[in-house]
Amino acid sequence: MRVLVVGSGGREHALAWSLSRSDSLDELHAAPGNPGIAALAHCHPVRADDQAALVSLARELRVDLVVVGPEAPLVAGLADELRHRGVAVFGPSAAAAGIEGSKSFAKEVMEAAGVATAATLPVARPPCVVKVDGLAAGKGVWVCHTQAELDAGLRAAQALGPFHVEELLEGPELSLFAVAAGETAVGFPPARDYKRIGDGDTGPNTGGIGSFSPLPDVADDEAPEILEAVHLPVLRELAHRGTPFQGLLYAGLMRTEDGLRVIEFNCRFGDPETQSLLPRLESDLLPLLAGDLSRPPEIADRAAVTVVLTAPDYPARSDYSGTPIEGVADAEAAGALVFHAGTALHDGRLVTNGGRILNVVGLGATVDEARSAAYDAAGRIDFAGMHLRTDIAANA
Ligand code: AMP
Ligand code: GLY
């Protein structure tokens with residue numbers, strides 16, 4: 001098969017890496033890709049938000065499948081446009097992507113499907129959570145314990161558009177990904193990501209700054225039961241509304257004292273959980289993405305820990321460009337996978353180009369071993385101002 005991956009981050013590098021190992025892959029393309037992806041695929045200088053150019057590229061290359069990484073093009077209707085032009089695509093229609101694109105739509109679908117989530121509050125009073133309705137790249141949520149935090153959250157949310165206030169839930173979080181085709185789905189094992197920039201979950205939320213799998217508190221083999229309670233009712237509800245979901249349905253969950261509750265749904269692979277999950281996948285990713293759900297993913301017992309190396313001023317800014325990066329080959333030689341997230345080549349030299357710069361994935365028989373491998377490899381990489389959390393998968 002000829003496959004085109006859309007996107008340019010660490011998630012897309014991990015997808016390209018996994019696809020490049022497929023027996024059924026003939027040619028791999030990426031748009032726009034990044035220097036890491038370029039080692040595995042032909043990269044084309046077409047942006048993920050240039051719908052018309054992507055459709056032309058997919059047709060010109062006569063690809064058998066387009067795999068869309070990020071949410072924004074899906075919410076904007078890229079999958080609809082590709083399907084309309086006869087190109088197969090892994091990714092939901094704009095209508096089904098509303099499960100991520102509109103928090104109020106997601107709440108309405110969950111209510112109709114009988115899936116437990118945080119209750120919407122009629123009055124804003126701490127403790128509570130303020131959330132903007134539309135896409136906000138992980139920056140549209142304020143968890144408010146005090147009146148001062150609530151005042152700040154309401155002010156910030158108002159500036160971004162429609163928002164709602166919901167119940168503040170407590171408990172460990174997990175991400176559960178399901179590959180879905182209408183009313184059927186198969187699940188990946190649970191993973192955990194780290195959203196706050198600082199050690200000990202301090203500081204502002206980011207797009208995701210570390211991840212690991214398997215989890216100590218939710219076993220891999222609990223995934224089918226969660227799928228049954230969370231993903232399948234939502235998939236049936238979307239199908240019932242005439243907007244079946246094809247692609248990756250990502251549930252962000254919290255294990256509260258009253259059981260599992262949905263924090264959010266996303267309509268695509270999570271970043272950086274994908275970087276920890278795909279290295280655990282033993283079976284071929286491509287048939288799954290091409291719609292063959294007859295066999296669930298085969299998952300190795302080994303553990304994976306992903307540490308994200310970021311720019312010094314991330315998440316306030318995501319435009320740290322031109323700073324030379326050293327040591328990637330050294331980290332790979334130590335046995336780690338290094339996925340590029342925000343890099344570029346300048347005169348043949350690898351430099352920073354973004355906020356999240358590199359993802360270093362350590363593998364091992366246990367989470368502890370994988371964690372040591374990830375931090376050992378991360379320690380071999382250096383660029384001016386490099387930041388990382390030191391507690392990813394600690395105490396796991
Ligand atoms: P979201 O963008 O909806 O995933 O929210 C980002 C992060 O905010 C989540 O990963 C949680 O840590 C936190 N969060 C969101 N909603 C709630 C909630 N209702 N209660 C507690 N924390 C929440
Ligand atoms: N890991 C969080 C996200 O992908 O939204």
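Before reading on, note that the structure itself is shown above.
Only a predicted model underlies this, so the values are computations on that prediction, with no experimental measurement involved.

**Section: the environment of Ala393**
Here is step 1: Mapping Ala393 onto the fold places it in the segment after helix H12 (367-378).
Here is step 2: Between the C-alpha atoms of Ala393 and Ile197, which are 196 residues apart in sequence, the distance is 14 Å.

**Digging into the site of ligand 2**
Here is step 1: All residues in the neighbourhood of ligand 2 are listed as Asp193, Lys195, Gly207, Tyr250, Asn266, Arg268, Gly270, Asp271, Pro272 and Glu273.
Here is step 2: Contact between ligand 2 and Asp193: a nitrogen atom at 2.6 Å from a side-chain N or O atom of the residue.
Here is step 3: Interatomic distance of 2.9 Å between a backbone N/O atom of Asp271 and a nitrogen atom of ligand 2.
Here is step 4: Notes on ligand 2: free accessible area 200 Å², of which the protein chains cover 90%.
Here is step 5: For the shell around ligand 2, the per-class residue count stands at two nonpolar, three polar and five charged.

**Section: the nonpolar core**
Here is step 1: By size, the foremost hydrophobic cluster in this structure holds 80 residues, and its most contacted members are Val66, Ile99, Val234, Phe245, Phe265, Val305 and Ile381.
Here is step 2: Counting residues per element, this core draws most heavily on helix H8 (residues 223-240), at eight residues.
Here is step 3: Ignoring anything within four residues of it in the chain, the contact list for Val305 reads Ser211, Phe212, Ser276, Val360, Val361, Gly362, Val367, Ala370, Arg371, Ala374, Ile392 and Ala393.
Here is step 4: In terms of nonpolar packing, the next biggest core, distinct from the first, is built from 35 residues, Leu28, Leu289, Leu293 and Ala304 among them.

**Brief notes about the site of ligand 1**
Here is step 1: Within the structure, ligand 1 sits among 15 residues, and Glu166, Leu169, Glu173, Lys195 and Glu264 are positioned closest to it.
Here is step 2: In the environment of ligand 1, a nitrogen atom lies 3.1 Å from a nitrogen or oxygen atom belonging to the side chain of Lys131.
Here is step 3: Mapped by element, the contributors of at least two residues to the shell around ligand 1 are strand E6 (128-132), strand E7 (141-144) and strand E14 (259-266).
Here is step 4: Taken together, the residues that form the shell around ligand 1 break down as eight nonpolar, no polar and seven charged.

**Section: helix H1 (residues 10-19)**
Here is step 1: The element H1 is extensively covered by neighbouring structure, given that 10 of its 10 residues are classed as buried.
Here is step 2: Among the residues making up H1, those that are buried are Gly10, Arg11, Glu12, His13, Ala14, Leu15, Ala16, Trp17, Ser18 and Leu19.

**Focus on the sheet that holds strand E9 (residues 173-181)**
Here is step 1: The antiparallel open sheet is built from four strands, whose spatial order is E10-E9-E13-E14. Whereas interior strands pair on both sides, the edge strands pair on one side only; in this sheet they are strand E10 (184-187) and E14. On average, each strand axis in the sheet is inclined to that of its neighbour by 35°, with strand direction left out of account.
Here is step 2: Sheet topology note: the E9/strand E13 (residues 246-256) ladder contains nine bridges and is antiparallel. The residue bridging Leu174 from the neighbouring strand is Leu253, located in E13.

Reading the values: the criteria
- Residues numbered from 1 in each chain as written.
- Chains lettered and ligands numbered in written order.
- Predicted model: local features only at pLDDT ≥ 70, side-chain atom pairs only at ≥ 80, totals over all residues.
- Heavy atoms only, no water.
- Helix = DSSP H or I, 4+ residues; strand = E, 2+ residues; numbered from the N terminus.
- Near = heavy atom within 4 Å.
- Polar contact = N/O pair within 3.5 Å; in protein donor to acceptor, adjacent residues only side chain to side chain.
- Areas by Shrake-Rupley, 256 points an atom, 1.4 Å probe, with all protein chains shown as cover.
- Nonpolar A, V, L, I, M, F, W, Y, C, P; charged D, E, K, R; others polar.
- Core = buried A, V, L, I, M, F, W, Y, C linked by side-chain atoms within 4.5 Å.
- Buried < 20%, exposed > 50% of the residue type's maximum accessible area, 1.4 Å probe, protein only.
- Contact = heavy atoms within 4.5 Å.
- Pairing = 2+ DSSP bridges.
- Axes fitted to C-alpha atoms, helices over the stretch in contact; angles between N-to-C directions.

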